[in-house]
2 protein chains.
Amino acid sequence: MNLSDKVKTTIRDVADFPKPGILFKDITPILEDSQLCAEITAELAKPYENQKPDAIVGVESRGFLFGMLLAQHFNIPFIPVRKAGKLPYETISYSYDLEYGSATVEMHVDSVKPHWNVMVHDDLLATGGTAAAAAELIQKQGAKVCGFTFVVELSFLNGKKVLEKYNSRTDSLVAYDGD
Amino acid sequence: MNLSDKVKTTIRDVADFPKPGILFKDITPILEDSQLCAEITAELAKPYENQKPDAIVGVESRGFLFGMLLAQHFNIPFIPVRKAGKLPYETISYSYDLEYGSATVEMHVDSVKPHWNVMVHDDLLATGGTAAAAAELIQKQGAKVCGFTFVVELSFLNGKKVLEKYNSRTDSLVAYDGD
């Protein structure tokens, strides 16, 4: 079985979470398979082996999981993006619209250095709002996004389109088209 | 410089976070030093090299960081403990008292297997309430806590005492006695 199929087989579908009508892709069974986690990390890293990023930005909280493994893989800094009010030091913040209301994410001011090429990582690409917010925080600090990596992509939500303007790669291991 | 001193030198003190009078120990500068992260992982793992745990339980969200690295180090499952309502599948939950109010944490029902020896990991040991709650969730599933690991311990809050009843090791890399 190839890696993508292995990941698909391991992901658990949970109906009506977080609200009725949504079929949630639960990645926690993946985390229970350490060998699979190692393979996922290597596969997400593969396109960057010849030109490795200067840092990984991981989005709270599931983006911390493979974000840390990717940072260790490349031997580069890991930088967390967190919900407003969670990071203790001085931050820059970015707000974006959700289906209902809005969300704000933050990054420490001194974390990303100007001219760095930074990979944004999260476990799941849905509408792309959070990943784009992370990219905005990176650009605000004079750095560039060299790519977005996700374990899962819900392609029917067109998040990839939202990320196009950053002129970088977007890779996910498995994609779901919806029903 | 030994590892403990290196960690202490790297941690950033942030005054008055999350509220006035608290000197917060910010570990994000550690995450920017991938070599240091590798050394921390190896050091936290060291007491378990002869008898490795069956799984690592990491507490949301900063416990995800080194929790995943520890799980990879031992090649064992990583199991997240999350705040109530975050885990999509069936969960067991445990509520505990905080200074003001209470908190509830959850774990998926099928994650920890009976008779497993499980390590609980979080970045910081304060009063021990969250780590104890994770231990209760592990025991509820018929498994045993073989140890608690933390990067930082605020020893003046006596969290270690709260964890004594689980009859397991408790290790932290650096401890602060308060002023």
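I will try to describe carefully the structure that is included in this document. These numbers were taken from a predicted model, which means no experiment stands behind them.

Observations concerning the packing of aromatic side chains
Aromatic rings in a pair are described by how distant their centres are and how their planes are angled relative to each other.
Reasoning step 1: Here the structure, examined in full by the defined rule, presents six aromatic pairs over all chains.
Reasoning step 2: Ring centres of Phe64 of chain A and Phe78 of chain A lie 5.8 Å apart, and the angle between their planes is 90 degrees; this geometry places the pair in the edge-to-face category. In this pair, Phe64 of chain A sits in helix H4 (residues 63-74) while Phe78 of chain A sits in strand E4 (residues 78-83), placing the two residues 14 residues apart along the sequence.
Reasoning step 3: Seen from their ring centres, Phe17 of chain B and Phe24 of chain B are 5.1 Å apart, and the 85 degrees between their planes marks the pair as edge-to-face.
Reasoning step 4: The positively charged end of Lys113 of chain A is found above the aromatic ring belonging to Trp116 of chain A, 5.9 Å away from the centroid.

Focus: the relation of the copies chain B and chain A
Reasoning step 1: It takes a turn of 180 degrees to lay chain B on chain A, together with a shift of 0.0 Å along the axis; the resulting RMSD is 0.0 Å. Taken together, the rotation and translation relating the two chain copies correspond to the operation of a two-fold axis. No C-alpha of chain B approaches the rotation axis more nearly than that of Ser61 of chain B, which lies at 2.8 Å.

A few points about the pattern of salt bridges
Reasoning step 1: Within this structure, the stated rule accounts for 24 salt bridges over all chains.
Reasoning step 2: Of the charged contacts in the structure, one is a salt bridge between Asp171 of chain A and Arg169 of chain A, with a shortest N-O distance of 2.8 Å.
Reasoning step 3: The class of Arg169 of chain A is partly exposed, set by a relative accessible area of 38%.
Reasoning step 4: We note a salt bridge from Asp26 of chain B to Arg12 of chain B, for which the minimum N-O separation is 3.0 Å. Highlighted residues: Asp26 of chain B in strand E2 (residues 23-26) and Arg12 of chain B in strand E1 (residues 12-15), separated in sequence by 14 residues. Accessibility assignment for this pair places Asp26 of chain B and Arg12 of chain B in one class, buried.
Reasoning step 5: One salt-bridge network, held together by shared partners, links Arg12 and Asp26 of chain A together with Asp110 of chain B.

Some remarks on unusual backbone geometry
Reasoning step 1: Cis peptide bonds are those with omega within 30 degrees of zero, and the linkage from Phe17 of chain A to Pro18 of chain A qualifies with -5 degrees.
Reasoning step 2: Here Pro18 of chain A is to be found in the loop between strand E1 (12-15) and strand E2 (23-26).
Reasoning step 3: Not every positive phi belongs to a glycine, and Asn158 of chain B is a case in point at roughly 60 degrees.
Reasoning step 4: Note that Asn158 of chain B resides in the loop between strand E8 (144-154) and helix H6 (159-163).

Rules of the game
Residues numbered from 1 in each chain as written. Chains lettered and ligands numbered in written order. Predicted model: local features only at pLDDT ≥ 70, side-chain atom pairs only at ≥ 80, totals over all residues. Heavy atoms only, no water. Phe/Tyr/Trp six-rings, centres within 6.5 Å; stacked < 30°, edge-to-face > 60°. Helix = DSSP H or I, 4+ residues; strand = E, 2+ residues; numbered from the N terminus. Lys NZ or Arg CZ within 6 Å of the ring centre and 35° of its normal. Least-squares fit on C-alpha atoms with pLDDT ≥ 70 in both. Salt bridge = Lys/Arg side-chain N within 4 Å of Asp/Glu carboxyl O. Buried < 20%, exposed > 50% of the residue type's maximum accessible area, 1.4 Å probe, protein only.

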